[in-house]
Amino acid sequence: MASHIVGYPRMGPKRELKFALESFWDGKSSAEDLEKVATDLRASIWKQMADAGIKYIPSNTFSYYDQVLDTTATLGAVPERYSWTGGEIGLSTYFSMARGNATVPAMEMTKWFDTNYHFIVPELGPNTKFSYSSHKAVNEYKEAKALGVDTVPVLVGPVSYLLLSKPAKGVEKSFPLLSLLSSILPVYKEVIAELKAAGATWIQFDEPTLVLDLDSHQLAAFSAAYTELESALSGLNVLVETYFADIPSESYKTLTSLNSVTAYGFDLIRGTKTLDLVKSAGFPSGKYFFAGVVDGRNIWADDLAASLSTLEALEALVGKDKLVVSTSCSLMHTAVDLVNETKLDAEIKSWLAFAAQKVVEVNALAKALAGQKDEAYFAANAAAQASRRSSPRVTNEEVQKAAAALKGSDHRRATNVSARLDAQQKKLNLPVLPTTTIGSFPQTVELRRVRREYKAKKISEEEYISAIKEEISKVVKIQEELDIDVLVHGEPERNDMVEYFGEQLSGFAFTANGWVQSYGSRCVKPPIIYGDVSRPNPMTVFWSKTAQSMTSRPMKGMLTGPVTILNWSFVRNDQPRFETCYQIALAIKKEVEDLEAGGIQVIQIDEAALREGLPLRKAEHAFYLDWAVHSFRITNSGVQDTTQIHTHMCYSNFNDIIHSIINMDADVITIENSRSDEKLLSVFREGVKYGAGIGPGVYDIHSPRIPSTEEIADRINKMLAVLDTNILWVNPDCGLKTRKYGEVKPALTNMVSAAKLIRTQLASAK
Ligand SMILES: CN1c2c(nc(N)[nH]c2=O)NC[C@@H]1CNc1ccc(C(=O)N[C@@H](CCC(=O)N[C@@H](CCC(=O)N[C@@H](CCC(=O)O)C(=O)O)C(=O)O)C(=O)O)cc1
Ligand SMILES: N[C@@H](CCS)C(=O)O
Ligand SMILES: [Zn+2]
């Protein structure tokens, strides 16, 4: 029985790639230094999989930034503004597309399906010229081969590539991107031919868009693409890999009838109905079924006995020699290696498996199916599963009762939003177009050092508190000088907006090195929710009150909302996600109450990841939105009318869930807007009425570029064309933690000047 891994984390067990990239970008090391780190990482990953006994080991799942951008490079689809003149795409053009440069902004970045990973969106149009311009896939295949590892090269499939693209600037929004299929397939053919010549016998096309609701035209593109590639692919075993959800039955039919494809990969963790589909629709004889039974998106040790019985059922359906044990998706969405978790409590550690351990699980399952079960390994796994099921640490009956009581209930503020806004304005007395920021101010090296030293007990609590107070006072002063209306404390005490809360809530564990790539070199360390969640002590009240005491302007309390904490954590898989979310909501509700009692009049509850958690298939949207929006309302439905509740979201694609956003019933929402061509505003242009306060971001915080006053004023004017003057707020797209003060101060200066300019214009127009 064979084993396969869909993809592997690139950053390295200690984020070696992150540090190498950032050092290269800062001009502190050379391209050769960076390439050496990358080569060593790839070699150690291939060796690890080979040593574990994995048969189908992936290559080309490494990336300096993102696999979709790598595909753009392969296709030579470089947008004109990067002035690329042809030839093999080098690091300079590649990183300019990813991050922008002094003169040209970066390409758009967006969420990779419902994960916390972001990819670089291809910009295509009728004039895009495609040419084979990065030999990375072939080079990596050869590199592994030279190390004695025959790998399965992985490419982003041609149809998913196009479906994930957007029309370039100046191209009609309605441009049919799939019409470019015939232009990109010749490049795919060249890659395939080179891989064959290098000795490849297998190839993997990742086509995750197959799990979405596709129309017949989109499905026909899959048939057309793989038919067109048929002769190029002949002689190769071709795996089409799907992941993140069940594949709809129509798509399954199309996929399994493709002649050129010899193997199919399915996610059997998020795809809970795939087994039934295979039973009812059948599986083409002679083809391989890659069964994604080991969860690539979580950190729980696999329940090997349960997976084995799933695999045995599949074996009967697809044939013994045609079943391959695999991961549900690339392991890049989970942490790297549990070995580095020396401080994690032993009991919890026994419940976990990170990428390195998952590789071993996959192989153990494959061997067990082949009649070579490692009894001791399986017994240890069964014992860990049993300990997790019965551990008293997992259960808190009081929390369970309180959360159970929420089911079927509703939580709403008693007064409607316009009356609340009036009551709040009487207290806050804000100008028209009030200015604010989203919460975080730059996370300087010095701040990180202070937090690190405090954690390592190298500085006392007193020293730590005084350092953070000093930082807050600096941030408050800057905002007062800039004349911002509603202030923030800057979040200097937080390592991350989710991890910080996870560290203070019961039912959470956290890791030392459990990093997961979020975008480029940036990583997050999701906390692990292993048990019922409660809030033993106030988490933010001390800092918010301290900050408020430093100014007479309103200071926003700053919380992360339950849905975002849920979506950006590793969540327990022994109860439905909504139950865990309700528990977190109750914990945050207590924090909101304490902030209000502490005199904080404006409280922001970030729900940055609410949209991201939206299920990939429409049929499941309503249920998710119902409990997600309800969870948010639970946190604040009990506050007084005069307490102003803000929320923030940093993802622009809201048009399909705008009614749920309205239903959250926040007093003010700040939303990312500028990075994505102001897609957000189109929903209001189409007539959706929004009565609460709203602050679509006026500038992109992901880029070091400083927006001019005129540019921001122009953006505000565009907003005023579709939104009432009295509900519009002026703020950046998201928090400023990744920026430097040298960028933040001039950008905010221009933002405030723009707001003032328009206020004057509005006053004189009266
Ligand atoms: C808003 N975003 C977030 C998402 N998910 C989250 N969980 N949090 C988010 O904020 N998803 C969508 C977006 C993604 N955006 C980002 C933006 C920025 C980062 C980022 O900067 N990540 C940092 C790590 C952040 C962190 O936790 N830092 C800690 C500890 C850092 C550390 O490793 N310390 C080293 C020494 C480092 C040093 O400077 O000396 C050590 O201890 O050895 C902290 O600040 O205390 C990153 O660097 O990647 C991520 C997602
Ligand atoms: N309050 C957070 C939100 C990020 S989405 C911040 O400002 O960083
Ligand atoms: Zn944000």
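Residues numbered from 1 in each chain as written. Chains lettered and ligands numbered in written order. Predicted model: local features only at pLDDT ≥ 70, side-chain atom pairs only at ≥ 80, totals over all residues. Heavy atoms only, no water.

## Considerations on the overall build of the protein
Stated formally: Each helix is a run of DSSP H or I of at least 4 residues and each strand a run of E of at least 2, with the numbering of both proceeding from the N terminus. We compute the radius of gyration from the C-alpha atoms alone; for a globule the expected value is 2.2 Å times N to the 0.38, where N is the number of residues. Only heavy atoms enter the contact rule, under which two residues are in contact if any of them lie within 4.5 Å. All accessibility values rest on the Shrake-Rupley procedure with a 1.4 Å probe; residue burial counts only the protein chains present in the view.
Secondary structure assignment for the protein yields 28 helices and 21 strands. Its C-alpha radius of gyration of 26 Å places the protein within 12% of the 27 Å reference for a compact globule of 766 residues. Dimensions of the protein, computed from C-alpha atoms along their principal axes, come out at roughly 75 × 60 × 50 Å. Once local pairs closer than 6 in sequence are excluded, the contacts in the protein between residues at least 24 apart make up 79%. In the structure as shown, the protein presents an accessible area of about 29,000 Å², 51% of it carried by carbon and sulfur atoms.

## Describing the pairing of strand 10 (residues 263-267)
Each regular strand shows side chains that alternate between the opposite faces of the sheet. Just so we agree on the cut-off: Think of it in three bands: with a 1.4 Å probe and only protein chains considered, a residue is buried below 20% of the maximum accessible area for its type, exposed above 50%, and partly exposed in between. At least two bridges found by DSSP between two strands are what make those strands a pair. Viewed with both strands pointing away, a crossover whose connecting path from the first strand over the helix to the second turns clockwise is right-handed.
Counting buried residues along strand 10, five of its five residues qualify, which places the element largely inside the surrounding structure. Burial along strand 10 is two-sided: the face carrying A263, G265 and D267 and the face carrying Y264 and F266 are both buried. For strand 9 (residues 237-241) and strand 10, the ladder comprises three bridges, and the chain directions are parallel. For V240, the partnering residue across the bridge sits in strand 10 and is Y264. Note that the unit made of strand 9, helix 10 (residues 249-256) and strand 10 has a crossover that is right-handed.

## Considering the environment of L177
With respect to the secondary-structure elements, L177 resides in the loop between strand 7 (166-167) and helix 7 (181-198). Exposure remark for L177: the relative accessible area of 13% places this residue in the buried category. Spatially, the C-alpha atoms of L177 and V541 are 50 Å apart, while their sequence positions differ by 364 residues. Ignoring anything within four residues of it in the chain, the contact list for L177 reads L124, L162, S165, K166 and P167.

## Considering the confidence of the model for the protein
Quick reminder of the rule: Per residue, pLDDT measures the predictor's confidence, with a range of 0 to 100.
Mean pLDDT over the protein stands at 96; residues scoring 70 or higher make up 99%. As scored by the predictor, the complex reaches a pTM of 0.95 and an ipTM of 0.91.

## Regarding the site of ligand 1
Definition in use: Here, proximity means that at least one heavy atom of the residue falls within 4 Å of the molecule or strand. Under this definition, polar contacts are N or O atom pairs within 3.5 Å; protein pairs additionally need one hydrogen-donor-capable and one acceptor-capable atom, and for neighbouring residues in sequence, both atoms have to be side-chain atoms. Classification convention: Asp, Glu, Lys, Arg as charged; Ala, Val, Leu, Ile, Met, Phe, Trp, Tyr, Cys, Pro as nonpolar; all other residues, Gly among them, as polar.
Around ligand 1 sit 22 residues in total, of which R15, K18, R451, R452 and K737 are the nearest. Contact distances for ligand 1 include 3.5 Å between an oxygen atom and a side-chain N or O atom of R448. One of the side-chain N or O atoms of D496 is found 2.6 Å from a nitrogen atom in ligand 1. Calculation on ligand 1 without its partners gives an accessible area of 1,000 Å², and the protein chains cover 81% of this total. Mapped onto the shell around ligand 1, the elements with two or more residues apiece are helix 18 (445-455), strand 14 (516-519) and strand 15 (522-524). Looking at side-chain class alone, the shell around ligand 1 contains six nonpolar, six polar and 10 charged residues.

## Things to note about the sheet that holds strand 12 (residues 323-327)
Note the threshold: For every element, the axis is a line fit to its C-alpha atoms; helices are fit only across the contacting stretch, and the angle between N-to-C directions ranges from 0 to 180 degrees.
Read from one edge of the open sheet, eight strands run 1-12-11-10-9-8-6-2, paired in parallel fashion. Whereas interior strands pair on both sides, the edge strands pair on one side only; in this sheet they are strand 1 (2-3) and strand 2 (57-59). Note: strand 1 against strand 12, two bridges, orientation parallel. Bridging across to strand 12, S3 finds its partner in V325. Here helix 14 (residues 355-369) sits on the sheet in contact with strand 1, strand 11 (288-294) and strand 12, set at roughly 160 degrees to strand 12.

## Structural notes on the site of ligand 2
Every one of the 13 residues lining ligand 2 counts as a neighbour, but I438, S440, E491, D606 and G735 are closest to it. I438 places a main-chain nitrogen or oxygen 3.2 Å from a nitrogen atom of ligand 2. In this structure, E491 approaches ligand 2 through a side-chain N or O atom, which is 2.7 Å from a nitrogen atom. Residues that form the shell around ligand 2 fall into these classes: six nonpolar, four polar and three charged.

## Focus: the pattern of salt bridges
Convention followed: A pair is scored as a salt bridge if a Lys or Arg side-chain nitrogen falls within 4 Å of a carboxyl oxygen belonging to Asp or Glu.
Throughout the structure, instances matching the rule amount to 42 salt bridges. A salt bridge links D26 to K28, with the nearest nitrogen and oxygen atoms 3.6 Å apart. We classify K28 as exposed; its relative accessible area is 67%. In this structure, K589 and E593 form a salt bridge, with 3.3 Å as the shortest nitrogen-oxygen distance. Remark: E593 and K589 occur in helix 23 (residues 577-597); sequence separation between them is four residues, near one turn of the helix. A single network of salt bridges, built from pairs that share partners, joins R42, D70, K136, E140 and E143.

## Structural notes on the coordination of the zinc ion (ligand 3)
Quick note on the threshold: The donor set comprises N, O and S atoms within 2.8 Å of the metal, extended to 3.2 Å for Na, K and Ca; water molecules are omitted, so apparent gaps in a site may simply reflect that omission. Under the classification used here, a metal with four donors is tetrahedral if each angle lies between 85 and 135 degrees, square planar if opposite donors are over 155 degrees apart and the others between 65 and 115, a six-donor metal meeting that same test is octahedral, and anything else is irregular.
The zinc ion (ligand 3) binds to the protein through H648 (NE2), C650 (SG) and C734 (SG); the donor distances cover 2.1 to 2.5 Å. Considering all four donor atoms around the zinc ion (ligand 3), the spread of angles at the metal, 87 to 122 degrees, places the coordination shape in the tetrahedral class. Of note, the donors binding the zinc ion (ligand 3) are all from one chain and are spaced H-x1-C-x83-C. Here the residue C650 occupies a position in the loop between strand 19 (644-649) and helix 25 (658-663), and C734 occupies one in the loop between helix 27 (709-720) and helix 28 (741-765), the gap between them amounting to 84 residues. You'll find C650 and C734 in the same group, each marked buried.

## As for the environment of L91
Positionally, L91 belongs in helix 4 (residues 91-99). Linking L91 and G502, residues 411 residues apart in sequence, is a C-alpha distance of 37 Å. Leave out the neighbours within four places in its chain, and L91 touches F24, A31, L34, E35 and Y64.

## Some words on the nonpolar core
Heads up, the condition is: As used in this record, nonpolar core signifies buried Ala, Val, Leu, Ile, Met, Phe, Trp, Tyr and Cys residues forming a set joined through side-chain atoms within 4.5 Å.
One finds L610, Y699, I716 and L748 to be the most contacted residues of the largest nonpolar core, which totals 106 residues. Non-local contacts of L748, meaning those with residues more than four positions away in its chain, are made with T437, F441, L482, I484, Y699, P732 and L736.

## Considerations on the packing of helix 19 (residues 461-482) against helix 21 (residues 541-548)
Formally: Our angle categories are set so that under 35 degrees counts as roughly parallel, over 145 as roughly antiparallel, 65 to 115 as roughly perpendicular, and the remainder as oblique. In this scheme, a crossing is called left-handed if the near helix is turned counterclockwise away from the far one by less than a right angle; it is called right-handed if the turn is clockwise.
Relative orientation of the contacting elements helix 19 and helix 21 amounts to 45 degrees, with a least axis distance of 10 Å. The angle between helix 19 and helix 21 places the two elements in the oblique class. As helix 19 packs across helix 21, the resulting crossing turns out to be right-handed. For the pair helix 19 and helix 21, the contacting residues are Y464, I465, I468, K469, I472 and V476 in the first and F542, W543, T546 and A547 in the second.

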